Amino acid sequence: MRKKIIECAKSMGLDCIGFTHAAPYNEQTGEHFQTAVVVLAPYYAGEKENSNLARYAWAEDYHVIVRDLLERLAREIGLERYAVCCDTGPQIDRLLAINAGLVFRGKNGMCIHPQYGSWLVIGYLVCDLDLPHDRPLGEDCIGCGKCVAACPGGAITPNGVDANRCLSAITQKKGELPEDEAVLVGKQGMAFGCDVCQNVCPHNVGVPLTPIGAFRQNLKCRVEMQEIAPLSNRAFSRTYQNRAWAWRGKGVIERNLGYIGAQKGK
């Protein structure tokens, strides 16, 4: 069955797959599964100029893409009792990927795959199959310190990543930002997210394009004030409901674009 799962996953473009122990899925109900089938979904789709959206958000919502692939995998291998998750499940996706022998952790907190670098998202399928589990990789971050030096907010510290100083997290906060954070957003020019630490990472040099078609199609790399300003909140949600960058709503994106415009006007 393990071989069947791997072959089926690869036929869908999921060529990075591993198996590990599934922790209790729902501690309140006691629901439990034996095995977590963990997949990596690389999203690197090449270089695009003048992007102001994080690269993982260029394609349609990765949560939907990955969950749909895992649902299809479950159907094709004939599972009856299972659950699929991508970034919103009860278990820690990154820890599962590490334990399943797929990735190692970088100083910037990102999971890094030897072939695809850190341009990836993680999904997993938990099931009752009793399958052999994989072991963590014996590799590690090369520790060059480039991500530490390049981080716009100085968020990468010897004690880990300080989310309060991470530009990606800052662009997703609600409400008006303190002056220092507003200036940071304006200077960096990102309407949503940040890829700086990944752009400078040596592990991301020469990575191949994603084998998953959905991450190469219908790309949107930039959002402009003039396209969203006329929209009501409801119209914004309806128009961009299939985009991960729109999850915080119109107000947050419009605010960030306002900071960027103000900085350009100085």
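These numbers were taken from a predicted model, which means no experiment stands behind them. (Residues numbered from 1 in each chain as written. Predicted model: local features only at pLDDT ≥ 70, side-chain atom pairs only at ≥ 80, totals over all residues. Heavy atoms only, no water.)

Colleague: For the overall build of the chain, give the residues involved together with the corresponding values.
Modeller: Of regular secondary structure, the chain possesses ten helices and eight strands. Taking 18 Å as the expected radius of gyration for a compact globule of 266 residues, we find that the chain reaches 19 Å, a close match to that expectation. In terms of its C-alpha atoms, the chain occupies a principal-axis envelope of roughly 60 × 45 × 40 Å. Split into buried and exposed, the 266 residues of the chain put 49% on the buried side. Sequence separation of at least 24 residues holds for 73% of the intrachain contacts in the chain that already meet a minimum separation of 6. Approximately 13,000 Å² of the chain is accessible, and the part contributed by carbon and sulfur atoms is 48%. (Helix = DSSP H or I, 4+ residues; strand = E, 2+ residues; numbered from the N terminus. Rg over C-alpha atoms; globule rule 2.2 N^0.38 Å. Buried < 20%, exposed > 50% of the residue type's maximum accessible area, 1.4 Å probe, protein only. Contact = heavy atoms within 4.5 Å. Areas by Shrake-Rupley, 256 points an atom, 1.4 Å probe, with all protein chains shown as cover.)

Colleague: Tell me what's going on with the packing of helix 6 (residues 179-188) against helix 10 (residues 250-264), and back it up with residues and numbers.
Modeller: Two numbers describe how helix 6 lies on helix 10: the axes approach to 7 Å, and their chain directions differ by 75°. As summarised for this structure, helix 6 and helix 10 are arranged roughly perpendicular, according to the angle between their axes. Here helix 6 contributes Ala182, Val183, Val185, Gly186 and Lys187 to the contact with helix 10, which in turn contributes Asn256, Tyr259, Ile260 and Gln263. Along the lines of polarity and charge, the residues of the contact of helix 6 with helix 10 split into five nonpolar, three polar and one charged. (Axes fitted to C-alpha atoms, helices over the stretch in contact; angles between N-to-C directions. Parallel < 35°, antiparallel > 145°, perpendicular 65-115°, else oblique. Nonpolar A, V, L, I, M, F, W, Y, C, P; charged D, E, K, R; others polar.)

Colleague: Hey, could you go over the side chain of His63 for me, with residue numbers and the actual values?
Modeller: Here His63 lies in helix 2 (residues 62-76). According to the relative accessible area criterion, His63 is buried, its value standing at 16%. Polar side-chain contacts of His63 include one of 2.6 Å to the side chain of Asp61. Non-local contacts of His63, meaning those with residues more than four positions away in its chain, are made with Cys86, Asp87 and Thr88. (Polar contact = N/O pair within 3.5 Å; in protein donor to acceptor, adjacent residues only side chain to side chain.)

Colleague: Lay out the pattern of salt bridges in plain terms, naming residues and giving numbers.
Modeller: Across all of its chains, the model carries eight salt bridges by this definition. For Asp134, the salt bridge is made with Arg2, and the minimal N-O distance between the two is 2.7 Å. With Asp134 in the loop between strand 6 (120-127) and helix 4 (146-150) and Arg2 in helix 1 (residues 2-11), this residue pair connects regions lying 132 residues apart in the sequence. With relative accessibility at 23%, the residue Asp134 sits in the partly exposed group. (Salt bridge = Lys/Arg side-chain N within 4 Å of Asp/Glu carboxyl O.)

Colleague: Give me the lowdown on the sheet that holds strand 1 (residues 17-21), citing residues and values where you can.
Modeller: The strand order across the open sheet built from four strands is 1-2-6-3, with neighbouring strands paired in antiparallel fashion. Of all the strands in the sheet, the pair left with one neighbour each is strand 1 and strand 3 (82-85). Adjacent strand axes in the sheet meet at a mean angle of 20° when their direction is disregarded. Of the strand pairs in this sheet, strand 1 and strand 2 (residues 35-42) are connected by five bridges, and their pairing is antiparallel. Residue pairing across strands places Gly18 opposite Val38, the latter belonging to strand 2. Here helix 2 sits on the sheet in contact with strand 2, strand 3 and strand 6, set at roughly 35° to strand 6. (Pairing = 2+ DSSP bridges.)

Colleague: Could you give an account of the side chain of Asn108, with specific residues and numbers?
Modeller: Along the chain, Asn108 falls in the loop between strand 4 (104-105) and strand 5 (111-112). Under the relative-accessibility criterion, Asn108 is labelled buried at 10%. From its side chain, Asn108 meets the backbone nitrogen of Met110 in a polar contact 3.1 Å long.

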